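Residues per chain are reported as follows:
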Amino acid sequence: MLPAIVVHGGAWDIPDSELEPHLAGCRRALAVGWEALSSGATALDAVEAAVRVMEDDPAFDAGVGSVLNRDGLVELDAAIMDGTTLRSGAVAAVRGIRNPIALARRVLESEAVLLVGHGAERFADEVGIERCSDEELIVPRERLRWEALRRQTLYRTPDAFQRPPGEVAGQRGLVWGGSDRETMCTPSLHPTIRTHHPGDTVGAVALDRYGNLAAATSTGGVPFKRPGRVGDSPLIGAGLYADTLVGGCSSTGWGESIIKVLLAKTAIDLLSAGYAPADAACAAIERLEQRVNGLGGVILLDPSGRVGFAFNTPRMAYAYRTADGEVVTGV
Ligand code: ASP
């Protein structure tokens, strides 16, 4: 049933003290996206609007509040995909852009698919997207995190992109669910592993009243990343995918592993093979874990408005609303 929308605010061990801001941010983004869909906006407009809300919210690692790279600067990645035309637009390693998802949308409308660094910034000037200073994107929480990481790494090389040592966070294992759940996925029961670094990447998937699906993802990446490092988020098939005939997906988590299994496309292919969204989400995360020892989460929506989500990190903030009016939030 149309319309429907699902958003996420990243998969990691979100501390108790940050739970409420994450859930509130997801709810706000959902409300804005839902409002857009209800007033006849397309899925593409709705996912852009929802992600912009989360980019403006300092609780998340996207836009304002993003993590800093090793040079103490913010480099942003974002992508958006229209499931009806299969057109997409993405920007990577851009600086000084408050809403990279809006820039990605302008790339989608151009002849290009992915613009990086200075080229993307010059494109922003060309299309009239205002630039901002690094300082406008940096919040005190991230400045402190960067200073602590810098002190730690004075004496050793940071290895932020390896799966962290196996510190067990609890017996939760893989968590999955959605608006419908069938029984094709039976995840192996093993403990959840702590992720140690924040991953408040944001994403949205929407289905509009005309039957179009779209997906969007935006991130500051991982803390203390190497300058120029780009993760899965702006890569079609890894950080997101949308095909109006099959489904839409946005991913979050350890980008270096997500890229290896093309997590978003894997989830969409499972939908195509007949899995219900909750089962497809579960099976995709299982593949991420079993094949490359990866950590992360996905949100999924199918053409009939059924939602699925799954994550193997201790928590993932999410919210969704389907045509029956039900708003569901969780971590
Ligand atoms: N996937 C993002 C990246 O690797 C980070 C995240 O989702 O937490 O850049």
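Computed from a predicted model, the values in this text were never measured in an experiment.

Reading the values: rules and limits
- Residues numbered from 1 in each chain as written.
- Predicted model: local features only at pLDDT ≥ 70, side-chain atom pairs only at ≥ 80, totals over all residues.
- Heavy atoms only, no water.
- Axes fitted to C-alpha atoms, helices over the stretch in contact; angles between N-to-C directions.
- Helix = DSSP H or I, 4+ residues; strand = E, 2+ residues; numbered from the N terminus.
- Parallel < 35°, antiparallel > 145°, perpendicular 65-115°, else oblique.
- Left-handed = near helix turned anticlockwise from the far one by under 90°.
- Contact = heavy atoms within 4.5 Å.
- Disulfide = S-S within 2.5 Å.
- Nonpolar A, V, L, I, M, F, W, Y, C, P; charged D, E, K, R; others polar.
- Pairing = 2+ DSSP bridges.

Details of the packing of helix 1 (residues 16-38) against helix 2 (residues 43-55)
Between helix 1 and helix 2, whose axes approach to 8 Å, the crossing angle comes to 155°. By the angle between their directions, the pair helix 1 and helix 2 is classed as roughly antiparallel. Here helix 1 and helix 2 pass one another in a crossing that is right-handed. Contact with helix 1, carried on its side by Gly25, Cys26, Arg28, Ala29, Val32, Gly33, Ala36 and Leu37, involves Ala43, Ala46, Ala49, Ala50, Val53 and Met54 of helix 2 and no other residues of that element.

Overview of the state of the cysteines
Across all of its chains, the model carries zero disulfides by this definition. Free of any disulfide, Cys26 has its nearest cysteine sulfur in Cys249, 15 Å distant. Of all cysteine sulfurs in the structure, the one in Cys282 sits closest to Cys249, which takes part in no disulfide; the separation is 13 Å.

Examining the packing of helix 3 (residues 100-108) against helix 4 (residues 117-127)
At a closest axis distance of 10 Å, the pairing of helix 3 and helix 4 adopts a crossing angle of 80°. Relative to helix 4, helix 3 is oriented roughly perpendicular. Here Leu103, Arg106 and Val107 of helix 3 come into contact with helix 4, specifically with Ala120, Phe123, Ala124 and Val127. For the contact of helix 3 with helix 4, the residue count by class is six nonpolar, no polar and one charged.

Looking at the sheet that holds strand 11 (residues 247-253)
Strand order in the open sheet formed by five strands is 6-13-12-11-10, and the pairing between neighbours is antiparallel. The two strands at the open ends of the sheet, each matched to only one other strand, are strand 6 (175-178) and strand 10 (240-243). When strand polarity is set aside, the average angle formed by the axes of neighbouring strands in this sheet is 10°. Contacts between helix 8 (residues 263-272) and the sheet are confined to strand 10, strand 11 and strand 12 (296-301), with strand 11 contributing the most and set at about 145° to the helix. Of the strands in this sheet, strand 6, strand 12 and strand 13 (307-311) touch helix 9 (residues 277-292), which is tilted by about 25° from strand 13.

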